[in-house]
Amino acid sequence: MTDLVTDVLRQHAEEAFAAELAALAARDDRPRPERWRLSPWAVATYLLGGELDDGTVITPKYIGPRRVVEVAVTTLATDRALLLLGVPGTAKTWVSEHLAAAISGDSTLLVQGTAGTPEEAVRYGWNYARLLTDGPSREALVPSPLMRAMADGRIARVEELTRIPADVQDSLITILSEKTLPIPELGTETQAVRGFNVIATANDRDRGVNELSSALRRRFNTVVLPLPGSLEEEVEIVTRRVEQLGRSLQLPELPGGAQEIRRVVTVFRELRAGLTADGRTKVKTPSGTLSTAEAISVVTNGMALAAHFGDGVLRAGDVAAGVIGAVVRDPAADQQIWREYVEGVVRERDGWQDFYRAARENAR
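Throughout this document, residue positions are counted from 1 along each chain, in the order its sequence is written. Local features are withheld for residues below a pLDDT of 70 in this predicted model, meaning they are given only at 70 or higher, and side-chain atom pairs are given and counted only at 80 or more; totals for whole chains, interfaces and linings count all residues. The basis for the side-chain values is all heavy atoms of the structure; hydrogens and waters are excluded.

A description of the overall build of the protein chain should follow, citing residues and the corresponding values.
Think of it this way: any DSSP run of H or I at least four residues long counts as a helix, any run of E at least two long counts as a strand, and we number them from the N terminus. When helices and strands are tallied, the protein chain shows 17 helices and 11 strands. Considered along the principal axes of its C-alpha atoms, the protein chain spans approximately 70 × 55 × 45 Å. Between buried and exposed lies partly exposed: a residue is buried under 20% and exposed over 50% of the maximum accessible area for its type, with that area taken using a 1.4 Å probe on protein chains only. Out of the 364 residues belonging to the protein chain, those deemed buried represent 47%. Contacts are assigned to residue pairs with any non-hydrogen atoms lying within 4.5 Å of each other. For the protein chain, contacts bridging at least 24 residues in sequence account for 71% of all contacts bridging at least 6. Using a 1.4 Å probe, the Shrake-Rupley method yields the accessible areas, and only the shown protein chains count as cover for residues. For the protein chain, the exposed surface amounts to about 17,800 Å²; the carbon and sulfur share of it is 50%. Under the counting rule used here, the positive set is Lys and Arg, the negative set is Asp and Glu, and His together with the chain ends is not counted. Lysine's charge is taken at NZ, arginine's at CZ, aspartate's at CG and glutamate's at CD. Within the protein chain, one finds 43 positive and 50 negative side-chain charges whose respective centroids are separated by 4 Å.

Below is the structure:
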């Protein structure tokens, strides 16, 4: 019989890195907040990576400023909720999942924010069959992920908080300030036990976002996740995630990966910054975000092309179409920006002639 845990397309963080979490727990002798699986020091080590005194290697889950992770972990050890803020593709969801996995051993208590997220997703709902049969009761109540986290002393996650309608956002105020969720239909409430907290993620660059009220924003400690600071740092992030995704998708390891990853990241960084890496040439910035997450997607798709329709080597032609798709979001404006970048920068760059030819062929 197939092992469903290892056969899933994407395991939860606490499953995929169970061995590392167990090794950290076994060697962790530092004070732990109540109901935390690991101490704050061990949680930070889990995210940032390191080597334990028994030789166990903890792989980095987040590559960036150490202080950002330390402040985030420390916030969750207090009574303030954590808001991870950043432009799209700065690993906000990834960091929130791993924080919840390391602290609570469960990253699944999740509210996914959309324009249609109802209040029941934040508070509670009802099993209407039981409600009609027996009337309002605890048995008829369907707890939200936040309500379950409050009762069990675990971390709840709210993704894309600013996409949630403003009136639903405000349902969080009592939960975060009073640590209580009233249930007026039953004349009772659910009180949060120690260990409960909330991690929310948000970005303010998407169209149609709902600004957080000042009352709600005050309930959060905001930590901004920056874009990768250097080319090498972003290349490392993309390389690690592509390797993980490749294993999950059962794609073979392909020669040429390092070179094409560096090219994709270079293109994205230059177009984001409006300046070439050597600082000599200004370029126009397209409408897309060109995030690290998009670079990961472009390279992963290129690996699939090379494995299934190519010669087993990741080449410029395998990633060029994905790069163009990421850059040219608004055909009217971005097409000309991309053409000028290809002819003015890529064409003149030593060792990039294969990418130049692939970019021209895929743009036709």
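Next comes the rest of the write-up.
Hey, could you go over the pattern of salt bridges for me, with residue numbers and the actual values?
Here, a salt bridge means any side-chain nitrogen of Lys or Arg that lies within 4 Å of a carboxyl oxygen of Asp or Glu. Taken as a whole, this structure holds 26 salt bridges when the rule is applied. Put simply, R154 and D152 hold a salt bridge, and the shortest N to O gap is 2.6 Å. Taking relative accessible area as the criterion, D152 reaches 39% and is therefore assigned partly exposed. Across the pair E232 and R262 runs a salt bridge, and its minimum N-O distance is 2.9 Å. Within this pair, whereas E232 is found in helix 12 (residues 231-248), its partner R262 is found in helix 13 (residues 257-273), the two being separated by 30 residues in sequence. One network of salt bridges, with partners in common, ties together E343, R347, E348 and R360.

Break down the environment of L231 for me, with residues and values.
Its place among the elements puts L231 in helix 12. Through-space distance from the C-alpha of L231 to that of Q112 is 32 Å; in sequence the pair is 119 residues apart.

Explain helix 10 (residues 171-178) residue by residue, including any values.
Among the residues of helix 10, S171, L172, I173, I175 and L176 are the ones counted as buried. Two residues or fewer past helix 10, K179 is found with a positive phi of approximately 55°.

Describe unusual backbone geometry, with residues and values.
One non-glycine residue, R35, lies in positive phi territory at about 70°. Its place among the elements puts R35 in the loop between helix 3 (18-27) and helix 4 (40-48). The backbone of Q250 sits at a positive phi, close to 60°, despite the residue not being glycine. The residue Q250 is located in the loop between helix 12 and helix 13 in this model.

Tell me about the nonpolar core, and please be specific about residues and values.
Residues V267, F268, V323, W338 and F355 are the most contacted members of the largest nonpolar core, which totals 38 residues. Elements supplying a minimum of two residues to this core: helix 12, helix 13, helix 14 (292-309), helix 15 (316-327), helix 16 (331-346) and helix 17 (353-362). The biggest single contributor to this core is helix 15, with 7 residues. With residues up to four places along the chain from it excluded, the contact list for F268 reads L290, S291, E294, A295, V298, V323 and A326. We call a set of buried residues a nonpolar core when its members are Ala, Val, Leu, Ile, Met, Phe, Trp, Tyr or Cys and they connect through side-chain atoms within 4.5 Å of each other.

So what about the sheet that holds strand 3 (residues 81-85)? Which residues, and what values?
Here, strands pair whenever DSSP counts at least two bridges between them. Read from one edge to the other, the open sheet built from 5 strands follows the order 4-7-10-3-11, with strand pairing classed as parallel. Among the strands making up the open sheet, the edge pair consists of strand 4 (110-112) and strand 11 (220-224). Strand-to-strand, the axes of this sheet are offset by a mean angle of 20°, without reference to chain direction. On top of the sheet, helix 8 (residues 145-152) reaches strand 4, strand 7 (155-159) and strand 10 (197-202); it is set at about 160° to strand 7, its chief contact. Every axis in this analysis is a line fitted to C-alpha atoms, fitted for helices over the stretch in contact. Angles between the N-to-C directions lie between 0 and 180 degrees.

Tell me about the packing of aromatic side chains, and please be specific about residues and values.
A pair of Phe, Tyr and Trp rings is counted when the ring centres sit within 6.5 Å of each other, with Trp represented by its six-membered ring. The angle between the planes then sorts it: under 30 degrees is stacked, over 60 is edge-to-face, the rest tilted. Going through the model one piece at a time under the given rule, you end up with 4 aromatic pairs. Between F17 and Y46, the aromatic rings sit 6.3 Å apart at their centres with planes inclined by 80°, giving edge-to-face as the arrangement. With a gap of 29 residues between them, F17 in the loop between helix 2 (13-16) and helix 3 and Y46 in helix 4 connect regions that are remote in the sequence. An angle of 65° between the planes, with centres 5.5 Å apart, marks the rings of W352 and F355 as edge-to-face. By the burial criterion, W352 is buried, and F355 matches it. Charge-over-ring contacts are defined here by two conditions on Lys NZ or Arg CZ: a distance within 6 Å of the ring centre and an angle within 35 degrees of the ring normal. Lying over the aromatic face of F17, K61 brings its terminal NZ or CZ to 4.9 Å of the ring centre. One cation-aromatic arrangement involves R263 over W352; the distance from NZ or CZ to the ring centre is 5.6 Å.

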